[in-house]
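Here's the letter readout for the chains.
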There are 2 protein chains.
Amino acid sequence: MTTKPNIPKGTRDFSPAEMVKRNYIFNTIRGVFHRFGFQQIETPSMENLSTLMGKYGEEGDKLLFKIQNSGDFCRDVTDEDLLSRNPLKLASKFCEKGLRYDLTVPFARYVVMHREELTLPFKRYQIQPVWRADRPQKGRYREFYQCDADVVGSDSLLNEVELTQMLDAVFSQFGIRVAIKMNNRKILSGIAEFIGEADKIIDITVAIDKLDKIGIDNVNAELAEKGVTPEAIAKLQPIIMLQGSNTEKLQELSRILADSEIGMRGVTECQYILGITDQLSLNNMVELDLTLARGLNYYTGAIFEVKALNAQMGSISGGGRYDNLTGVFGMGGLSGVGISFGADRIYDVLNQLGLYPAEVADTTKILFVNFGEKESMFALKAMQQLRQAGINVEIYPDCTKMKKQMSYANAKNIPYVAIIGEEELNQGKIMLKDMNTGQQQLLTTDEVLAQILRNTY
Amino acid sequence: MTTKPNIPKGTRDFSPAEMVKRNYIFNTIRGVFHRFGFQQIETPSMENLSTLMGKYGEEGDKLLFKIQNSGDFCRDVTDEDLLSRNPLKLASKFCEKGLRYDLTVPFARYVVMHREELTLPFKRYQIQPVWRADRPQKGRYREFYQCDADVVGSDSLLNEVELTQMLDAVFSQFGIRVAIKMNNRKILSGIAEFIGEADKIIDITVAIDKLDKIGIDNVNAELAEKGVTPEAIAKLQPIIMLQGSNTEKLQELSRILADSEIGMRGVTECQYILGITDQLSLNNMVELDLTLARGLNYYTGAIFEVKALNAQMGSISGGGRYDNLTGVFGMGGLSGVGISFGADRIYDVLNQLGLYPAEVADTTKILFVNFGEKESMFALKAMQQLRQAGINVEIYPDCTKMKKQMSYANAKNIPYVAIIGEEELNQGKIMLKDMNTGQQQLLTTDEVLAQILRNTY
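Bear in mind that the values here come from a model prediction, so they are computed numbers and not experimental data.

What counts as what
Residues numbered from 1 in each chain as written. Chains lettered and ligands numbered in written order. Predicted model: local features only at pLDDT ≥ 70, side-chain atom pairs only at ≥ 80, totals over all residues. Heavy atoms only, no water. Helix = DSSP H or I, 4+ residues; strand = E, 2+ residues; numbered from the N terminus. Rg over C-alpha atoms; globule rule 2.2 N^0.38 Å. Buried < 20%, exposed > 50% of the residue type's maximum accessible area, 1.4 Å probe, protein only. Contact = heavy atoms within 4.5 Å. Least-squares fit on C-alpha atoms with pLDDT ≥ 70 in both. pLDDT = per-residue confidence, 0-100. Buried area = accessible area lost by both parts, 1.4 Å probe. Salt bridge = Lys/Arg side-chain N within 4 Å of Asp/Glu carboxyl O. Polar contact = N/O pair within 3.5 Å; in protein donor to acceptor, adjacent residues only side chain to side chain. Pairing = 2+ DSSP bridges. Axes fitted to C-alpha atoms, helices over the stretch in contact; angles between N-to-C directions. Parallel < 35°, antiparallel > 145°, perpendicular 65-115°, else oblique. Left-handed = near helix turned anticlockwise from the far one by under 90°. Nonpolar A, V, L, I, M, F, W, Y, C, P; charged D, E, K, R; others polar.

### Section: the overall build of chain A
Okay, so step 1: The secondary structure content of chain A amounts to 18 helices and 16 strands.
Okay, so step 2: The C-alpha radius of gyration of chain A comes to 28 Å, more than 25% above the 23 Å expected for a compact globule of 457 residues.
Okay, so step 3: Counting only C-alpha atoms, chain A reaches 90 × 70 × 45 Å along its principal axes.
Okay, so step 4: Counting across all 457 residues of chain A, residues that qualify as buried make up 58%.
Okay, so step 5: For chain A, contacts bridging at least 24 residues in sequence account for 69% of all contacts bridging at least 6.

### Brief notes about the relation of the copies chain B and chain A
Okay, so step 1: Superposition record for chain B on chain A: RMSD 0.1 Å, screw rotation 180°, translation along axis 0.0 Å. Such values leave the two copies arranged in the relation of a two-fold axis. Within chain B, the C-alpha atom positioned nearest to the axis of rotation is that of B:Ile67, 2.2 Å from it.
Okay, so step 2: Both copies contact each other with a shared surface, as 100% of the interface residues of chain B are interface residues in chain A too.

### Remarks on the confidence of the model for chain A
Okay, so step 1: Here chain A shows a mean pLDDT of 93. Residues at 70 or above account for 98%.
Okay, so step 2: With pTM at 0.94, the complex prediction returns an ipTM value of 0.93.

### Description of the interface of chain B and chain A
Okay, so step 1: Each side of the interface is counted separately: chain B has 108 residues, and chain A has 108 residues.
Okay, so step 2: Per-residue buried area on chain B facing chain A is highest for B:Arg35, B:Arg85 and B:Arg387; these three make up 7% of the total on that side.
Okay, so step 3: The tally of links from chain B across to chain A stands at eight salt bridges.
Okay, so step 4: B:Arg387 is the salt-bridge partner of A:Glu162, the closest N and O atoms lying 2.8 Å from each other.
Okay, so step 5: Inspection of the chain B/chain A interface yields 40 residue pairs in polar contact (both at pLDDT 80 or more).

### Quick look at the sheet that holds strand 7 (residues 178-184) of chain A
The strands that make up a sheet pair up through hydrogen bonds in the backbone, lying either parallel or antiparallel.
Residues and elements named next belong to chain A.
Okay, so step 1: On the basis of which strands lie adjacent, the open sheet formed by eight strands has the order 1-5-6-11-10-9-7-8 and mixed pairing. Two strands in the sheet have a free side with no partner beyond their single neighbour: strand 1 (39-40) and strand 8 (285-288).
Okay, so step 2: Sheet analysis places strand 5 (residues 122-131) next to strand 6 (residues 143-152), joined by ten bridges and oriented antiparallel. When the sheet's bridge partners are listed, valine 130 is paired in strand 6 with phenylalanine 144.

### Observations regarding the packing of helix 8 (residues 185-194) of chain A against helix 9 (residues 201-208) of chain A
Residue and element names in this part refer to chain A.
Okay, so step 1: Running from amino to carboxyl end, helix 8 crosses helix 9 at an angle of 110°, the nearest separation of the two axes being 10 Å. By the angle between their axes, helix 8 is roughly perpendicular relative to helix 9. With respect to the hand of their crossing, helix 8 and helix 9 are arranged in right-handed fashion. Within the contact between the two elements, helix 8 uses Arg185, Leu188, Ser189 and Ala192 and helix 9 uses Ile201, Ile204, Thr205 and Ile208.
Okay, so step 2: Considered class by class, the residues forming the contact of helix 8 with helix 9 number five nonpolar, two polar and one charged.

### A word on the sheet that holds strand 13 (residues 393-395) of chain A
Residue and element names in this part refer to chain A.
Okay, so step 1: The sheet built from five strands is open, its strands ordered 13-12-14-15-16 with mixed pairing. On the outer flanks of this sheet lie strand 13 and strand 16 (440-443), each paired with one strand and no other. With direction set aside, neighbouring strand axes in the sheet form an average angle of 25°.
Okay, so step 2: Pairing geometry for strand 12 (residues 366-368) and strand 14 (residues 416-419), over three bridges, is parallel.

Quick look at the structure:
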């Protein structure tokens, strides 16, 4: 009666080697968040479905993982409802809770529930898994981590500046060369006004967002299909194809959007943000990209997206300014701006480019070989001293063949092996073997400590 | 149409102040795990119900959170089954997945699924949340973290020794004085043999495990109720009430259990473990406690439990040796031994005893006051330099009243405020105010950096 175990599709186990890399990613991002004054919160994995439903569109509702009420979950359901077999209706009776779908809605809920305790502006970050019942495919999982940093309660564009700096800092630390693309919802609105199709702004931005992938002809075809007039398309094309430096693009936009109040506000915002980031000489380029839209019904000001320059990968980070984060929970007037890092994609890019630092790989510094009771006792005391100095060491627990113990050290990528046989025991010393060079040195415990510290820092 | 948001009962939000403390706990535990050569893995939050069901007893099955299949979950269910309203049966049709109930079963599943990649002994740790549909009450949550370290694939008692050292190291670092209680399932079996009630071992251990709480008379009453003979009870009582040092208890047990092979093996194991831990002079006492049982059907050798000496709290850590971790998944012969830390209880104990280090509280070191565009620009450049040196700094994003900005610094517990007004700007300097002493110093950015580093390390 044994079952051959497996895990649900779209989910993953992470091995020690993978965890070390993932922690490197999370710790790097977390470090930057801290350096910019963001504070961590965590919210429960489960939220009430009333909190989640209706926040991600109809499609999103279907992708929520719902948790069945415990106990007699069908007690209060009528026969008629049961036999209706209506999945949405029955799910609403059987389930009160669902798994977190993103970090933004729980954050909004958090802000509303804890508003009395919060000092605004509130700079929070959150690194937690989210769940989506998406069809699993390469690079798309049903459980994955999001790493979000948001500021709520401040309209200042300095927040946008600092978020840009954070994007730059994170990818500089990873050694990933990126383009930080920026746009502004207000500019997009201005453009839609200018071409006389203000009411079609969503269709327009959805279409031009695809320019990179499908080319201008297909974009134009899609626009025509959505009922955008040929005149409007003709006016739009030169704008979204604008070439040149950020300054040149903004100059041209100032001319084009001169009559659109909202459009000019967007231009001014971009000028301000780019003016400052220029002076801060970031490592990566911030590039005005007028086709960037990213879930437009959500963003109201700046929009960000990051692409790796030398890797095959979609966007690895993104974000923007949104108004009224908490309005849906009855608390109006709070503007927010934030960015989100895609840990799984960054993981793949770092692998593709071979950018993991070497020291990320080894966790244990020294394996003590086990030659029996007396020798182990000596080893344990030496190990106690080394651990107190913060060095990671272990002893092979069983007194078995040397060869087996050495291959354990190899498999675990342990750089040093400490050998304490009868002779070493008599001298009260340790034979320290460097697994890379094969060199051996007979050392006191103090000397081993000094040697390891020297080679570590 | 706004909803007043709430979170599911038994779950919690963690504020920045709580997260800082929780991270301190997790990082301390993680550090000790690393120092002893344990490697981290993570498993999915959801497991197939076939992996989870039947592993935690009938009661446990009921406490599993089940996830409803997405899409048309009742398509293949007959009318008859629907109308049966049998929750267990219907749940098995509606749900294929459930949330992780502990870290042990997923770990066993992991070992079986990845056995080809693993080098044994495998020393893994795992720090992840688990979910139980328990009735929420004070100190009992439906989502909580477990921190487990286990070694599988080694029978050596050195593992037990090292786990004892780890318990000692973790609580020493926290500054919590504890008693590390140890027992051995083999001794308990020997005792049951000795009193002539070998087949009642579970009833016996369940009863004596309560000695602390209910006293000897009630223990004896419970034993009698379970059909243990008066003679057996009379023989048992002096054993479980044994006083004296570990050595004295073990000497007495050697005498009493001389005829029980399994009992004597347990005594020898304890002697070995205690013999070594004595020589390693731990900070906390390891104490042989013959009433300790902890889920006996599970453990097969050493059993551990940790209690804080100066706090009102149940056990804050525990563990033991178990055989055949993976047998239920068709992979026999693997013994394991592990410990688990209760992060929530440790959190409460550290609060009760006021043991959080002061530096845990502050995250941002300097708040730069915002006096306008030119001043901010100067601030941003100084901040860039400070951040490159690893210092956490932030600027108040809005140019608003000084008082508001200062109370933000206070609320966030930021120890320094940097003031750059017109005069400072002209001099290219920063007025650094120590928020504790009120002292102000006019410094260059380099001097600010040096000052902060001096006071931090």
